[in-house]
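# Survey of secondary and tertiary structure
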Amino acid sequence: MPSSPIAKKVDVLPDNWVHLQKTMIPDSNTHTYWSVWFDLEDTYKVNSIIPGKYNEVSRGIAWLMWCPIDDDPSVNDTWGHAEEINEECRNVLTAIESIYGVSFHDSIYE
């Protein structure tokens with residue numbers, strides 16, 4: 001059975017999600033640049049702490065992306081969707097969680 005891209009539904013995208021997509025994390029352990037790219041699924045309104053006021057909140061999907069360190073990570077077509085990650089990725093996944101606020105630890109293939 002072919003692998004599927006690793007993705008997570010995100011109930012509330014971070015405010016700076018567009019900027020975060022340009023963040024790359026180099027990982028010498030896997031010889032890979034890692035990033036998380038977001039797809040905006042929809043925008044919905046939620047009550048704020050002030051009655052009668054609403055804030056726009058965006059939902060979406062976070063995709064775990066990778067690029068070999070030897071490639072030029074500034075070129076979009078060198079990036080691919082991560083499909084299988086193993087124990088070697090644990091440290092970079094912790095960094096990704098602290099930067100992007102999305103955990104992919106449960107996607108580690110054992």
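See the structure above.
On a predicted model such as this, the values are computed, not experimentally measured, just so you know.

Another point: the overall build of the chain. Within the chain, the regular secondary structure consists of two helices and five strands. The order of α-helices and β-strands along the chain, N terminus first, is β-α-β-β-β-β-α. Within the chain, buried positions represent 32% of all 110 residues. Put simply, 57% of the contacts in the chain that link residues at least 6 apart link residues at least 24 apart. Within the structure as shown, the chain displays about 7,100 Å² of accessible surface, and the carbon and sulfur contribution to it stands at 51%.

Bringing the nonpolar core into the picture now. Counting residues in each nonpolar core, the largest one holds 21 residues, and the members touching the most others are Phe38, Leu64, Ile85, Ile96 and Phe104. Counting residues per element, the ones that place at least two in this core are helix H1 (17-20), strand E3 (32-47), strand E4 (54-68) and helix H2 (90-100). With four residues, H2 is the largest single contributor of residues to this core.

Turning next to the pattern of salt bridges. For the structure on display, the rule yields two salt bridges. One salt bridge in this structure joins aspartate 106 and lysine 8, with 2.4 Å as the shortest N-O distance. A residue pair is termed long-range when its members are at least 10 positions apart, and aspartate 106 in the segment after H2 and lysine 8 in strand E1 (residues 7-10) qualify at 98 residues. Accessibility expressed as a relative area gives 18% for lysine 8, which makes it buried.

Attention now goes to the side chain of aspartate 27. If you trace the backbone, aspartate 27 turns up in strand E2 (residues 25-27). Here aspartate 27 is buried and forms no salt bridge, its nearest opposite-charge partner arginine 90 lying at an N-O distance of 12 Å. In terms of polar contacts, aspartate 27 uses its side chain to reach the side chain of threonine 30, at 2.7 Å. Filtering out sequence-adjacent residues up to four positions away, aspartate 27 remains in contact with Thr32, Trp34, Ile69, Glu88 and Val92.

In the structure shown here, the tally under the stated rule is two aromatic pairs. Taken together, a centroid distance of 5.7 Å and an interplanar angle of 50° make the contact between tryptophan 37 and tryptophan 79 tilted. Of this pair, tryptophan 37 sits in strand E3 while tryptophan 79 sits in the loop between E4 and strand E5 (80-81); the two residues are 42 residues apart in sequence, bridging distant segments of the chain. Since its relative accessible area comes to 10%, tryptophan 79 is described here as buried.

On to the environment of serine 98, then. Structurally, serine 98 can be placed in helix H2. Its relative accessible area of 63% is what places serine 98 among the exposed residues. Polar contacts involving the side chain of serine 98 include one to the main-chain carbonyl oxygen of alanine 95, which spans 2.9 Å.

What counts and what doesn't
Residues numbered from 1 in each chain as written. Predicted model: local features only at pLDDT ≥ 70, side-chain atom pairs only at ≥ 80, totals over all residues. Heavy atoms only, no water. Helix = DSSP H or I, 4+ residues; strand = E, 2+ residues; numbered from the N terminus. Buried < 20%, exposed > 50% of the residue type's maximum accessible area, 1.4 Å probe, protein only. Contact = heavy atoms within 4.5 Å. Areas by Shrake-Rupley, 256 points an atom, 1.4 Å probe, with all protein chains shown as cover. Core = buried A, V, L, I, M, F, W, Y, C linked by side-chain atoms within 4.5 Å. Salt bridge = Lys/Arg side-chain N within 4 Å of Asp/Glu carboxyl O. Lys, Arg positive; Asp, Glu negative; His and termini not counted. Polar contact = N/O pair within 3.5 Å; in protein donor to acceptor, adjacent residues only side chain to side chain. Phe/Tyr/Trp six-rings, centres within 6.5 Å; stacked < 30°, edge-to-face > 60°.

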